[in-house]
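Structural characterization, general
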Amino acid sequence: MNNASKISVCIIVKNAQKTLAECLESVRDFDEIILLDNGSTDRTLQIAQEFNAAYKNLRVKQSEFIGFGALKNLCVSYAKNEWILSLDSDEVLESSALHEINALHLEPNHIYALPRKNLYNGEWIKACGWYPDFVWRIFNKNFTRFNDNAVHESVMIPKDAQKIHLKGAIRHYAFANIDNIIAKMNRYTSQSAQEKLKNGKKTSFFAAFARLHFVFFKDYFLRKGFLYGYKGFIVALLNALGAFFRYAKLYELSKDKKEPKVIAFDRRLGVGDIISSIPAFYLTKQLYPQATFILITNKIGASLCRNFNFIDKFIIEGVDFEIKDFAKVVDENEVEALLLGHRSSVNIKLAKQSKCPKIITWRHLHSIFSSRFIHPKHIKRSQRLEILRCLDLVRMIDTLKYDKNINKFELKSLPIRIQTDRQNKIFVDEFLGDAKKYEKIIAISPFGISSAKYNLAIDDWISLTKNLAKKFDKALFVFMNFRGSGYEFEPFIEENIKVFVNNDDLLNLVELTSRVNLCISLSTGNIHIADNLGIDTLGFFAYTDEFLFPCGNYGGNFEVLYLPKDWKKDYEFYKNAFYQKAQKCVEKILLGHKNKKEK
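Quick notes on the rules
Starting afresh in each chain, residues are numbered from 1 along the sequence in its written order. Totals for whole chains, interfaces and linings use every residue, but because this is a predicted model, local features are given only for residues with pLDDT of at least 70 and side-chain atom pairs only at 80 or more, for both listing and counting. Here the side-chain values reflect all heavy atoms present in the structure, with hydrogen atoms and water set aside. Think of a 1 Å grid over the protein atoms and nothing else: a 1.4 Å probe that fits but is trapped marks a cavity, an open set flanked by protein within 12 Å on at least five of seven lines marks a pocket, and residues with an atom within 4 Å of a point count as lining. Grid points are joined across faces, edges and corners, and a volume is the space filled by probe spheres set on the points. Numbering of helices and strands runs from the N terminus; a helix is a DSSP stretch of H or I covering at least four residues, while a strand is a stretch of E covering at least two. Residues are grouped as follows: Ala, Val, Leu, Ile, Met, Phe, Trp, Tyr, Cys and Pro are nonpolar; Asp, Glu, Lys and Arg are charged; every other residue, Gly included, is polar. Aromatic contacts are taken between Phe, Tyr and Trp rings whose centres are within 6.5 Å, Trp giving its six-membered ring; a plane angle under 30 degrees counts as stacked, one over 60 as edge-to-face, and the others as tilted. Only protein chains enter the accessibility calculation, which uses a 1.4 Å probe; a residue is then buried when its area is under 20% of its type maximum, exposed when over 50%, and partly exposed in between. A positively charged side chain is recorded as over a ring if its NZ (Lys) or CZ (Arg) lies within 6 Å of the ring centre. The angle to the ring normal must also be within 35 degrees.

1. Quick notes on empty space enclosed by the protein
- Applying the stated criterion across every chain yields a total of 1 cavity of 30 Å³ or more.
- In this structure, the largest cavity encloses a volume near 70 Å³.
- S276, I387, H528, D531 and N553 are, among the 13 residues lining the largest cavity, the residues nearest its centre.
- Breaking the lining of the largest cavity down by element, the ones donating at least two residues are α8 (271–287), α12 (386–395) and α17 (525–532).
- Per-element tally for the lining of the largest cavity: the top contributor is α8, with 3 residues.

See below:
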């Protein structure tokens, strides 16, 4: 069997006059040799021409340097045969390997590895991890290819591949002397650091320093480099310094203060959480106006934020992607800074799968040991306003820039009020009808999934609404319902009570809320919409919301009854206390209107 007659040898080369002749001579019996040169300035091309004059099976192609993986794939693309033997120009195929290759029974899914004999200054070094050093070099180009790594490229191994290790070897003239080592190491570590940065890798200087010592100890002592005298020491030191400089250079690159070109904020939560994030969205774009700002969100976030001009692009879960493809979406959009606005193990694990070099989120077991993750100063969630927690994430993109500029912005004056569309105004106009005959409009919102444990019974909300409507007949009371609440209400007999049930457009709710003078609600999305619009609010809140989700952030007056954890033991007490607060708030609203008219 003569497999050499159906195999193309692919070699990439640059300034290889010292080794190329022996390399070509070792593969002269193969059907064809493709030599891809990327800018040789020595006798390399002359040696190739002389070889081809004798054997007539060599073709020379030219390309600039585009990365080793891409170069090797380009070289393979010029081959006429399906089967490829890939060699480097400083490698020689030994005769025993040629005989073994000729005897193989080639199958399309077979991939073959050859052991490589690495030489330093002419001596074969079997220690320091340099042998057997198997490399995958024979494959069918219709079955697999090289990866696109700029350095440390390798043949991709499909799941259905049959991997076969050969005995015949490749002789590799790795390094001729110390000058050669230093030159190669500097070039390769720089390319490797760039590749790792591109793939989202980060490190610390301590980690780089630790690798130096670990690799030297492993290669010189555990892998018996000491058996080869000074050469073993040099090789072990070379491997250690290579590891150190690779990661030290990565550390320097990752510390570069170059601003990210693409920033993504992942916020796929409820109405209140989205609204608490809007200042962070706005400030991100103000601090990095040249960057593309992407909001990765759900339909709730897309609906509420669709009219903000400081969001350049929306990527919507369930519309543009499924959660399992989160990392793919991040990489396709070339995100350089990813802010995770929901700290969960699932989100963090998905983000880890991306190549994003900077991932910012609050501390979590799955993030604290990864150098790509950056964390704000740890403050218990129950002790930090959610708006500020989101701003903490923005700060970590560049703390110096944030601290220098944050005082230029005042929360209450930010142009971040949710904007509605014409169809929303028409929808609400039709609902309100003759509401202009009332002096004030009061919204009462009794539903909230996340606050179910801190809520009055629905009959008590109805009783509150009826009592207020009876006492304050100059006000229109809007009883807020939504599809999926589980309740369908008949129209109230009181003329000044209307039941509002929204359709699927959240901006209808926003438009209606913008017309009211007071929103009475438990801690749910409705009251946070009112807060965003600067509307006065009265809240029936859990004690934890005092730090997380208080209202009054954007100019509206905020009254609240905070409930302790065991509040239901004194249910009637807290219900009556809230009734009294509600009455006083409505009185205040109407009194303000009366005083205004008198003036």
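2. Things to note about the layout of surface pockets
- Reported here for the second largest pocket is a volume of approximately 1400 Å³.
- As for the second largest pocket, its lining consists of 40 residues, of which L197, S254, E336, P357 and K358 are closest to the centre.
- Secondary-structure elements contributing two or more residues to the lining of the second largest pocket are α5 (178–198) and α7 (229–254).
- By residue number, the principal contributor to the lining of the second largest pocket is α5, which donates 4 residues.
- Residue composition of the lining of the second largest pocket, grouped by class: 14 nonpolar, 9 polar and 17 charged.

3. Describing the packing of aromatic side chains
- Summed over the entire model, instances satisfying the criterion amount to 34 aromatic pairs.
- A centroid spacing of 5.7 Å and a plane angle of 15° characterise the contact between F68 and Y188, whose relative ring orientation is stacked. In this pair, F68 is assigned in helix α3 (residues 68–77) and Y188 in helix α5, connecting sequence segments 120 residues apart.
- With a centroid separation of 5.7 Å and 85° between ring planes, the pair formed by F139 and F146 is classed as edge-to-face. In this pair, the class of F139 matches that of F146, namely buried.
- Clustering of aromatic rings is evident, with ring pairs tying together W461, F540, W567, Y571, F573, Y574 and F578.
- It is K61 that lies over the ring of Y78; its NZ or CZ is 5.1 Å from the centre.
- Its end group placed over the ring of F472, K471 keeps NZ or CZ at 5.8 Å from the ring centre.

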